[in-house]
Protein chains: 12
Amino acid sequence: MDGGDYTNAKYITIKALENGVTIIGLTRGKDTKFHHTEKLDKGEVLITQFTEHASAIKIRGKAEIFTEYGELKSGDF
Amino acid sequence: MDGGDYTNAKYITIKALENGVTIIGLTRGKDTKFHHTEKLDKGEVLITQFTEHASAIKIRGKAEIFTEYGELKSGDF
Amino acid sequence: MDGGDYTNAKYITIKALENGVTIIGLTRGKDTKFHHTEKLDKGEVLITQFTEHASAIKIRGKAEIFTEYGELKSGDF
Amino acid sequence: MDGGDYTNAKYITIKALENGVTIIGLTRGKDTKFHHTEKLDKGEVLITQFTEHASAIKIRGKAEIFTEYGELKSGDF
Amino acid sequence: MDGGDYTNAKYITIKALENGVTIIGLTRGKDTKFHHTEKLDKGEVLITQFTEHASAIKIRGKAEIFTEYGELKSGDF
Amino acid sequence: MDGGDYTNAKYITIKALENGVTIIGLTRGKDTKFHHTEKLDKGEVLITQFTEHASAIKIRGKAEIFTEYGELKSGDF
Amino acid sequence: MDGGDYTNAKYITIKALENGVTIIGLTRGKDTKFHHTEKLDKGEVLITQFTEHASAIKIRGKAEIFTEYGELKSGDF
Amino acid sequence: MDGGDYTNAKYITIKALENGVTIIGLTRGKDTKFHHTEKLDKGEVLITQFTEHASAIKIRGKAEIFTEYGELKSGDF
Amino acid sequence: MDGGDYTNAKYITIKALENGVTIIGLTRGKDTKFHHTEKLDKGEVLITQFTEHASAIKIRGKAEIFTEYGELKSGDF
Amino acid sequence: MDGGDYTNAKYITIKALENGVTIIGLTRGKDTKFHHTEKLDKGEVLITQFTEHASAIKIRGKAEIFTEYGELKSGDF
Amino acid sequence: MDGGDYTNAKYITIKALENGVTIIGLTRGKDTKFHHTEKLDKGEVLITQFTEHASAIKIRGKAEIFTEYGELKSGDF
Amino acid sequence: MDGGDYTNAKYITIKALENGVTIIGLTRGKDTKFHHTEKLDKGEVLITQFTEHASAIKIRGKAEIFTEYGELKSGDF
């Protein structure tokens, strides 16, 4: 495996705007299952790369999301 | 397989604007079938890469979609 | 096969502006045949890469098409 | 063969402005012959890559053509 | 041979402004001979790559030519 | 392992705006666990790369965060 | 030999502004000799790459020349 | 090991604005420990790369920090 | 030898502004000798790459010279 | 070792603004020790690359420092 | 040896503004000696690459020098 | 050794503004010693690359120095 490259993988920044924001990593590969669930409380920030194991990220709850193509807000405003 | 590269694969961001938005990954390869279906409720966000298994993404329902070439809205406005 | 590269293949975004928009993948290779046909109803969006199996995409019906070189509308306006 | 690269080959977008627009792929290689002929009716769009088998594309009839270096119209205006 | 690279070779777009425009591919290699001659009638468009077999293109007759470095007109205006 | 590449991995800069800001590295790989926790007091700065071992970073407490896509503040303002 | 690369070699576009414009390819390698001479009549266009066999191009007569670094006119104006 | 690449690794510039600014290199790898501590007096400048051994840098005390993404000040202002 | 690369070598364009402009290719390698001398008459243009055999070009007489870093005039104006 | 790459390593330019400016190269690798100390008198300039042996540079005394990310002054102004 | 790369090596353009401008190539390698001396008379232009044998160029006399980072004049003005 | 790459190594241009400007190449490697000293008289220009043997350049005396990151003057003005 090429260690240098995945340390430079793309990343997403998520800031929770309320308690209990849920960030779910969905598995890469044949089956798309929950890989990992991270809970954020209000004000907490998660900066997360795509990895060998997670190719999709699902966000529930009010949060600011910063991506390569600009920023957006999740949650039902 | 080269782990570093696919962690940097292109990704699409989808924000549901109503309950029940459906995001369907269509299989890469000889046959184009449903690979995975993800349901989003209003306000939820999915950030998903193209993968070894999915080369097309179909979106049903009202959603904002952020791509490399700008953003658009799905759903019958 | 190099998994990382084709996950970064170019993609086209198509939004149906009427029911029954047809998106046909034409086969890469010696023979150019229909590879896959996808039907979109009004408001549905398909984001699709060129793949090992499809090197051309044909669109029938009213749709907005977003490409690397700008956007256009298909259908008889 | 390197699957990732040719999925990223350059592509041309053609929108027919009348019925019966003809798009002819000419063969790459020692002999330049017709490889494939695709007919488009008014409003139909074809997005096609250069491939291992076709290195030239000939367009007959009224159409809008979108290329890497801008757009032009075919047909006798 | 590396299939992916030559599908991304540079291309030239030629639009005939009169009947009988002649596009001649000249052979790459030790001898520079006619490789292929393509005739275009008024309004027809040819989009052609440089190939393993042709390293020069000669255009006779009134045509618009779109290249990487801008556009020009052939023919005796 | 390719030593040169990971020394150039992406990095995040975090400046604590209060005592006790917590920066948690989450493990890359099958399991997403705490890899390392670093405490910052007010005014301290941490500049940290993604590594072979950490693919996500969680920040608790008031801090300024500088990323490739702009800056944001964590903590409950 | 790497087919993909030389199909992407740099090219020069020459438009003859009078009859009998001469374009001479000079040989690459130890000896610099005439490799090929192409005659253009008024209005004809030649688009030619540098090749394995020609590393210099000499132009005699009135012509417009389009290069990577702008355009110029040959001939005694 | 690839000598050329790590000489081009990213670097951070730190200028101490008071005596006793502490710059701590944290170890890359499974364990995140102190790798090296460098003390700067007022006006001294340290320009330091990320290395095979250090993937994070912690700064205590008043300093100006120049990074790829702009500059900031550490210390409790 | 890698055929594709040297066909893309840098080139210089020289337009003679008087008869008898001399362009001298100086040999690459241990000894720097005259490799080839090309004479241009007024209005003639030479477009020449650096090659395996020539790493320097000397120009005598009035000429316009177009290089990667702008244009200049040789000759005693 | 790859000779070409480290000749292109990043470099820092330092101009002494007083006598006795000290530039200390700190060793790359497990131990961070003084590798080399260079003294500059007022007006002298040192242009130095990061090397296989030095991954950090410490500057004492009044100097102007030119880096990839702008310039700064060392010394207690 | 990689023929393609050094044909694309960086080059310097020198135009003599007086007779007897001297351009001296200094040897690359352990010893830095005169490799080659080229004399230019007023108006003559030399375009020269860095080579396997010369890593420094010394210019004596009034000349205009065009480099990657702008132009300057040598000689005692 | 990779001949093509070091011919493209970074270079520095130095113009002496007084007689006796000294340019000292400092050795790359474990020991940092004087590798070569070049004297410039007023108006002389030296264009020098970093090499396999020299990773630092020291300039004494009044000179203009042109680098990748702008220009500066050495000497005690």
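Conventions we followed
- Residue indices follow the written sequence of each chain, beginning from 1 at its first position.
- Written order determines the labels here, with chains lettered from A and ligands numbered from 1.
- Confidence filtering applies because this is a predicted model: local features only for residues at pLDDT of at least 70, side-chain atom pairs given and counted only at 80 or more, and all residues used for totals across whole chains, interfaces and linings.
- The basis for every side-chain value is the complete set of heavy atoms in the structure, and neither hydrogens nor water enter the calculation.
- Note on definitions: a residue-residue contact is assigned when non-hydrogen atoms from the two residues lie within 4.5 Å.
- Here the quantity called buried area is the total loss of accessible area, with a 1.4 Å probe, experienced by two parts when brought into contact, counted for both.
- The salt bridge definition used is simple: a Lys or Arg side-chain nitrogen within 4 Å of an Asp or Glu carboxyl oxygen.
- Polar contacts, as counted here, are pairs of nitrogen or oxygen atoms within 3.5 Å of one another; within protein the pair requires one atom able to donate a hydrogen and one able to accept it, and residues that are adjacent in sequence qualify only if both atoms are side-chain atoms.
- By the criteria applied, helices consist of DSSP H or I runs no shorter than four residues and strands consist of E runs no shorter than two, each listed in order from the N terminus.
- Gly falls in the polar group here, along with every residue not listed as nonpolar (Ala, Val, Leu, Ile, Met, Phe, Trp, Tyr, Cys, Pro) or charged (Asp, Glu, Lys, Arg).
- What makes two strands pair is DSSP finding at least two bridges between them.
- Each residue is assigned to one of three classes by its accessible area relative to the maximum for its type, calculated with a 1.4 Å probe on protein chains only: buried under 20%, partly exposed between the two thresholds, exposed over 50%.
- Only the contacting stretch of a helix is used when fitting its axis, a line to C-alpha atoms as for every element, and angles between N-to-C directions run 0 to 180 degrees.
- Any Phe, Tyr or Trp ring, taking Trp's six-membered ring, that has another such ring centre within 6.5 Å forms a pair; planes under 30 degrees apart are called stacked, those over 60 apart edge-to-face, and the others tilted.

Enquirer: Talk me through the interface of chain G and chain I; I want residue IDs and the actual numbers.
Expert: With 30 residues of chain G in contact, the opposing surface of chain I contributes 29 residues. Of the roughly 2700 Å² buried where chain G meets chain I, counting both sides, 57% is carbon and sulfur surface. Contact with chain I buries surface across chain G, with R28, K58 and Y69 of chain G losing the most and accounting together for 22% of the total. Between chain G and chain I we count 2 salt bridges in total. In this structure, R60 of chain G engages E44 of chain I in a salt bridge whose closest nitrogen and oxygen atoms are separated by 2.4 Å. At the boundary of chain G with chain I, the tally comes to 10 residue pairs in polar contact (both at pLDDT 80 or more). Elements represented by at least two residues in the side of chain G that touches chain I include exactly α1 (3-6), β5 (54-60), β6 (63-67) and β7 (70-74) of chain G. If you tally residues by element for the side of chain G that touches chain I, the top one is β5 of chain G, at 7 residues. Of the residues in the side of chain G that touches chain I, the class split is 12 nonpolar, 8 polar and 10 charged. Bridge count between β5 of chain G and strand β4 (residues 45-49) of chain I: 4 bridges; the pairing is antiparallel.

Enquirer: Please give an account of the pattern of salt bridges that cites residues and values.
Expert: Pairing of side chains with opposite charge becomes possible as their charged atoms draw close. Following the criterion strictly, the structure yields 36 salt bridges over all chains and no others. For K58 of chain F, the salt bridge identified is with E38 of chain A, shortest N-O distance 2.6 Å. One end of the pair, K58 of chain F, is in strand β5 (residues 54-60); the other, E38 of chain A, is in strand β3 (residues 34-40), on a second chain. When sorted by exposure, K58 of chain F lands in the same class as E38 of chain A, which is buried.

Enquirer: Quick rundown of the interface of chain C and chain B? Include the residues and the values.
Expert: Counting residues at the interface gives 29 residues for chain C, matched by 30 residues for chain B. For the chain C and chain B pair, buried surface summed over both sides reaches about 2700 Å², with 57% attributable to carbon and sulfur atoms. The largest per-residue losses of area from chain C upon contact with chain B belong to T7, Y11 and I47 of chain C, which jointly make up 24% of the total buried on that side. Where chain C meets chain B, there are 10 residue pairs in polar contact (both at pLDDT 80 or more). When residues of the side of chain C that touches chain B are traced back to their parent elements, those giving at least two are α1 (3-6), β1 (11-16), β3 (34-40), β4 (45-49) and β6 (63-67) of chain C.

Enquirer: Let's hear about the sheet that holds strand β5 (residues 54-60) of chain A: which residues, and what values?
Expert: On the basis of which strands lie adjacent, the open sheet formed by 7 strands has the order β3(A)-β2(A)-β5(A)-β4(B)-β1(B)-β6(B)-β7(B) and antiparallel pairing. With partners counted over all chains shown, the strands left at the sheet margins are β3 of chain A together with β7 (70-74) of chain B, one partner each. Neighbouring strand axes in the sheet, compared pairwise and without regard to direction, differ in orientation by 15° on average. Here strand β1 (residues 11-16) of chain B runs beside strand β4 (residues 45-49) of chain B; their pairing, made up of 5 bridges, is antiparallel. For Y11 of chain B, the partnering residue across the bridge sits in β4 of chain B and is Q49 of chain B.

Enquirer: Can you tell me about the sheet that holds strand β6 (residues 63-67) of chain L, naming the residues and giving the values?
Expert: In spatial order, the strands read β3(K)-β2(K)-β5(K)-β4(L)-β1(L)-β6(L)-β7(L); together these 7 strands make up an open sheet with antiparallel pairing. Pairing within the sheet leaves two strands with one partner each, and these edge strands are β3 (34-40) of chain K together with β7 (70-74) of chain L. Along the sheet, successive strands turn relative to each other by an average axial angle of 15°, direction set aside.

Enquirer: Lay out the packing of aromatic side chains in plain terms, naming residues and giving numbers.
Expert: Applying the stated criterion across every chain, the model contains 24 aromatic pairs over all chains. Note on F50 of chain B and Y11 of chain C: the rings are 5.4 Å apart at their centroids and 45° apart in plane angle, and the pair reads as tilted. Of the two residues, F50 of chain B sits in the loop between β4 and β5 (54-60) while Y11 of chain C sits in strand β1, which places them in two different chains. Neither residue differs from the other here; F50 of chain B and Y11 of chain C are each classed as buried. Ring centres 5.5 Å apart and planes at 40° place the aromatic pair Y69 of chain I and Y11 of chain K in the tilted group. In this pair, Y69 of chain I sits in the loop between β6 (63-67) and β7 (70-74) while Y11 of chain K sits in strand β1 (residues 11-16), so the two residues belong to two different chains. Residue class for Y11 of chain K comes out buried when judged on its relative accessible area of 0%. Through a chain of ring-to-ring contacts, the aromatic side chains of Y11 of chain A together with F50 and Y69 of chain F assemble into a single cluster.

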